[in-house]
Protein chains: 2
Amino acid sequence: MAENIGMAARAMLNCDIQEMRLVNPRESHLSEKALSASSGADIILKNAKVYKSTEDAIADCDYIYATTARRRGMIKPIRTAHFAANEILATPNHRYGILFGPERTGLHNDDVCLADSIIEIPLNPEHCSLNLSQAVLLVGYEWYQQHINPSEQEFILGKTTFANKEKVVLFLKTLEKKLETSGIFSQPEKKQHMQINLRNIFTRAQITEQELNTLYGVINHLNITEHK
Amino acid sequence: MAENIGMAARAMLNCDIQEMRLVNPRESHLSEKALSASSGADIILKNAKVYKSTEDAIADCDYIYATTARRRGMIKPIRTAHFAANEILATPNHRYGILFGPERTGLHNDDVCLADSIIEIPLNPEHCSLNLSQAVLLVGYEWYQQHINPSEQEFILGKTTFANKEKVVLFLKTLEKKLETSGIFSQPEKKQHMQINLRNIFTRAQITEQELNTLYGVINHLNITEHK
């Protein structure tokens, strides 16, 4: 159906996979419904090629994966999507194709046996049904992650920078001095306990210079109101 | 919208994530539309809880991730979905929540700043828009993969077993004998070359006992027709 084709195109472009091939689609991939469902992935649909048979569609490929949800008693190696993505990137001299079946029925056995191996996406066995575009998205996602190898974590700082330790310690001392004045440190053991906790909190929070200004604003204001 | 809630429930159950919390949903998560869109993930919708505010919804959690597609000049650590899944599994004494925003607008800044960190899903920067259920699926998928740690590859054998080397070599010798009789090995250097290729092909194919029977059937039949 046109909507499934459009949504599959969207998922492909999400993962920077460009080349869509369609075997005997029931509805046109250039219909209004398909273009609308692609949410802006028109380029995939416009460049898609239509074939009369799976054999024709895979003719220039060297290695074919078939994606299937259920096992069919076929003697064939299986990979996770993760493993397949790794294989594809590790063997760039192969030209790879990945077969996805129609929404309801999945791939026909005649198509699966043309594949070198099967991709199975490990999901909750009690509820593993995916629609076509979700299967495309997950297989594409695995490929894209391994292809771009993104940095796993980052800290958004915007226009500020982390406050260095000198500035953080200066702030903590200012805070402690204000608290001293307020009389909260009446017992020496309580003082030490509170100081350690405050130092731990503000160290763990990885304060930026911009935020340090906000904190100075707060404690200066509190101080004024306490001395009224 | 009810359909988005239903599809998100489906994606959650795909990844064996059970607990859905909704903040001020516009439409009911128990409507016919929501149940139908969940494709059988009714249990998630029936157990879902509705809250008046994000603060209420996250009250009993210890650590909150916010999923966002665009950066908002907020000073906050960012993780990939992969890294976040790893954190969640590595620190089981935390009770985690993951915030997803409504389909069009995404999360409000007032919600994002309640989160300990942000999950960004690395996708094609030219086309990174996902619908709500796809974002839920990708974050859930990363968690589920690391949770179950599936074996990366397998070989479906069904009721047969791999033919052991004795049987494969016996088959190769039978094949070579038939070919000898047929006169194809006229030149000795050609014979060696063909033998090596045939041995490589049938070794690489990891033949099973069942398939070996098929191959014997084929070469025995060919032999008969050649000797007619």
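Parameters at a glance
- Residues numbered from 1 in each chain as written.
- Chains lettered and ligands numbered in written order.
- Predicted model: local features only at pLDDT ≥ 70, side-chain atom pairs only at ≥ 80, totals over all residues.
- Least-squares fit on C-alpha atoms with pLDDT ≥ 70 in both.
- Pairing = 2+ DSSP bridges.
- Helix = DSSP H or I, 4+ residues; strand = E, 2+ residues; numbered from the N terminus.
- Axes fitted to C-alpha atoms, helices over the stretch in contact; angles between N-to-C directions.
- Contact = placed C-beta atoms within 7 Å.
- Nonpolar A, V, L, I, M, F, W, Y, C, P; charged D, E, K, R; others polar.

**Some points on the relation of the copies chain B and chain A**
(1) Moving on: Each copy superposes on the other: chain B lies on chain A with an RMSD of 0.1 Å after a rotation of 180 degrees and an axial shift of 0.0 Å. Considering both components of the superposition, the chain copies are consistent with a two-fold axis.

**Comments concerning the sheet that holds strand β6 (residues 117–120) of chain A**
(1) Moving on: What the five strands build is an open sheet, ordered β5(A)-β3(A)-β6(A)-β4(A)-β7(B); its pairing is mixed. The open sheet is flanked by β5 (96–99) of chain A together with β7 (153–156) of chain B, the only strands paired with a single partner. Neighbour-to-neighbour, the strand axes of this sheet turn through a mean angle of 30 degrees, independent of strand direction.
(2) Moving on: Two elements, strand β4 (residues 76–80) of chain A and β6 of chain A, share three bridges in a ladder whose sense is parallel. Considered in β6 of chain A, the bridge of Ile78 of chain A is made with Ile118 of chain A.
(3) Moving on: Relative to the sheet, helix α5 (residues 81–90) of chain A contacts β3 (63–67), β4, β5 and β6 of chain A together with β7 of chain B, its axis offset from that of β4 of chain A by approximately 95 degrees.

**Focus: the interface of chain B and chain A**
(1) Moving on: Each partner contributes to the interface: chain B provides 43 residues, whereas chain A provides 43 residues.
(2) Moving on: Those elements that provide at least two residues to the side of chain B that touches chain A are α1 (2–14), β4 (76–80), α5 (81–90), α7 (132–148) and β7 of chain B.
(3) Moving on: Here the element with the most residues in the side of chain B that touches chain A is α7 of chain B; it accounts for seven residues.
(4) Moving on: For the side of chain B that touches chain A, a count of residues per class yields 21 nonpolar, 15 polar and seven charged.
(5) Moving on: Relative to β4 of chain B, strand β7 (residues 153–156) of chain A runs antiparallel, the two sharing four bridges. Within β4 of chain B, the position partnered with Phe155 of chain A by the bridge is Pro77 of chain B.

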